[in-house]
Amino acid sequence: MNTSNRPIALVTGASSGIGADLARELARDGHDLILSARRVEPMQKLAEELKVLGAQITVIPADLSKTGGAAALVRDIESRSLTVDVLINNAGLGDNSLFHVEDQTRIGEMMQVNIVALTELTRALLPGMVARRRGRVMLVASTASFQPGPYMAVYCATKAYVLSLGEAINFELRGTGVTLSVLCPGGTETEFAKVANSTEMKLHKNPLVPSMTSAEVARQGYAALKSGRTVLVTGWFNKTGAFLNRITPRSTATALTGSLLKRA
């Protein structure tokens, strides 16, 4: 049971990286937090850090890669009589592999986390926000959303889904008092590349391709969420790439992306 008058934000994938830094932004701006991820210990450490800012923190471990994971998380939140005012759908999985040899279990987990759980959480929590006529939702997509991605075909396709879904829902929410923002970061200094088996990609080896800190991505993303901006691509390099993909022939964009996502 939440005993403060602060709005409550649910952050998935809150154990590290962009998720943890978005939680910091929310706590600094007067929110209480529900932190959710598979790893409990990093979230507990983050909770102790955020309590210093006056935030009440609830840690709920959840594995969104499993069927029913999102529904179980929602039930747990409801059992604690917590009302979610802000939903940050940050949890995501990637993998660098040729599709025809990629592990099928990993493909299923990516689709479950990046598409199914994200959709289910949004659908479960959005009606309450609309009924209260207030609320904000963030879907964390990627610059991978803007073109096909050879060597990360499933990951890029799932992020294209996230972008399309978010833009459509935000249009539907006009006049409700609720907004939905899609955050599209590019290369970011997090654990993602290691987990996604993508540390050897040419993208990460190219000194001309800048990366951003997760703290800066979170700062820009949270500002976009507060302003009700529909889509934010972080960083000048990523903004330029996203724009060029709109005017470049699809086959050319696919080939260029493949050259960056291929292992060096």
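Residues numbered from 1 in each chain as written. Predicted model: local features only at pLDDT ≥ 70, side-chain atom pairs only at ≥ 80, totals over all residues. Heavy atoms only, no water.

Student: Give me the side chain of Ser36: which residues, what numbers.
Tutor: By secondary structure assignment, the location of Ser36 is in strand S2 (residues 32–36). The residues touching Ser36, leaving out its near neighbours within four places in the chain, are Leu10, Val11, Thr12, Gly13, Ala14, Met43, Ile60, Pro61, Ala62 and Leu73. (Helix = DSSP H or I, 4+ residues; strand = E, 2+ residues; numbered from the N terminus. Contact = heavy atoms within 4.5 Å.)

Student: Would you mind going over the pairing of strand S1 (residues 8–12) in detail, with residue names and values included?
Tutor: The buried fraction of S1 amounts to five of the five residues, a majority that puts the element mostly inside the structure. Burial along S1 is two-sided: Ile8, Leu10 and Thr12 facing one way and Ala9 and Val11 facing the other are all buried. Pairing of S1 with S2 involves five bridges; the strand directions are parallel. By the bridge assignment for S2, Ala9 is matched with Leu33. (Buried < 20%, exposed > 50% of the residue type's maximum accessible area, 1.4 Å probe, protein only. Pairing = 2+ DSSP bridges.)

Student: Before we move on, could you go through the sheet that holds strand S3 (residues 57–59) and cite the residues and values that matter?
Tutor: The seven strands are arranged S3-S2-S1-S4-S5-S6-S9 in an open sheet whose pairing can be described as parallel. Each of the sheet's edge strands pairs with one partner strand only, and the pair in question is S3 and strand S9 (231–233). On average, each strand axis in the sheet is inclined to that of its neighbour by 15 degrees, with strand direction left out of account. Across three bridges, strand S6 (residues 178–184) lies against S9 in parallel orientation. Residue pairing across strands places Leu183 opposite Leu232, the latter belonging to S9. Together, strand S5 (135–140), S6 and S9 form the strand contacts of helix H5 (residues 153–172), whose direction differs from that of S6 by roughly 155 degrees. (Axes fitted to C-alpha atoms, helices over the stretch in contact; angles between N-to-C directions.)

Student: So what about the pairing of strand S4 (residues 86–89)? Which residues, and what values?
Tutor: Burial along S4 is two-sided: Val86 and Ile88 facing one way and Leu87 and Asn89 facing the other are all buried. As judged from the four bridges shared by S4 and S5, these two strands associate in the parallel manner. Directly across from Ile88, in S5, lies its bridge partner Met138. For the segment spanning S4, helix H4 (residues 104–132) and S5, crossover handedness is right-handed. (Right-handed = clockwise from strand over helix to strand, strands pointing away.)

Student: Tell me about the pattern of salt bridges, and please be specific about residues and values.
Tutor: Per the counting criterion, the structure on display carries 13 salt bridges. Note that Glu25 is salt-bridged to Arg28, the shortest N-O span being 3.2 Å. Highlighted residues: Glu25 and Arg28, both in helix H1 (residues 17–28), separated by three residues, approximately one helical turn. A salt bridge links Glu41 to Lys45; the nearest nitrogen and oxygen atoms lie 3.7 Å apart. With Glu41 and Lys45 both in helix H2 (residues 40–51) and four residues apart, this pair spans about one turn of that helix. Across this residue pair, the class does not change: Glu41 and Lys45 are exposed. (Salt bridge = Lys/Arg side-chain N within 4 Å of Asp/Glu carboxyl O.)

Student: Summarise helix H8 (residues 214–227); cite the residues concerned and give the values.
Tutor: For H8, with 14 residues, the first-to-last C-alpha span of 20 Å sits near the 20 Å given by 1.5 Å per residue. Among all positions of H8, only Ser214, Val217, Ala218, Gln220, Gly221, Tyr222, Ala224 and Leu225 are buried. One or two residues past the end of H8 sits Gly228, with phi positive at roughly 80 degrees. (Expected span 1.5 Å × (residues − 1).)

Student: Would you mind going over the environment of Arg80 in detail, with residue names and values included?
Tutor: Residue placement: Arg80 occurs in the loop between helix H3 (69–79) and S4. With 63 residues separating them along the chain, Arg80 and Thr143 place their C-alpha atoms 36 Å apart.

Student: Give me the lowdown on the packing of aromatic side chains, citing residues and values where you can.
Tutor: Scanning the entire structure with this criterion turns up two aromatic pairs. With a centroid separation of 5.3 Å and 45 degrees between ring planes, the pair formed by Tyr155 and Phe192 is classed as tilted. You can see Tyr155 sitting in helix H5 and its partner Phe192 sitting in helix H6 (residues 192–195), a full 37 residues away along the chain. Judged by relative accessible area, Tyr155 falls into the buried class, the value being 9%. (Phe/Tyr/Trp six-rings, centres within 6.5 Å; stacked < 30°, edge-to-face > 60°.)

Student: Any chance you could break down helix H10 (residues 250–261) for me, citing the residues and the numbers?
Tutor: Over its twelve residues, H10 extends 16 Å from the first C-alpha to the last, a length consistent with the 16 Å expected when each residue adds 1.5 Å. Residues of H10 that are buried: Ala253, Thr257, Gly258 and Leu261. All buried residues of H10 fall inside an arc of 135 degrees around its axis, so they share one side. Opposite the packed face of H10, turned more than 90 degrees from it, sit the exposed residues Ser251, Ala255 and Leu256. Residues of H10 that are buried in the fold lie against H5, helix H7 (202–205) and helix H9 (236–247). (Arc of directions from axis to C-beta.)

The values are spatial; any link to function lies outside them.
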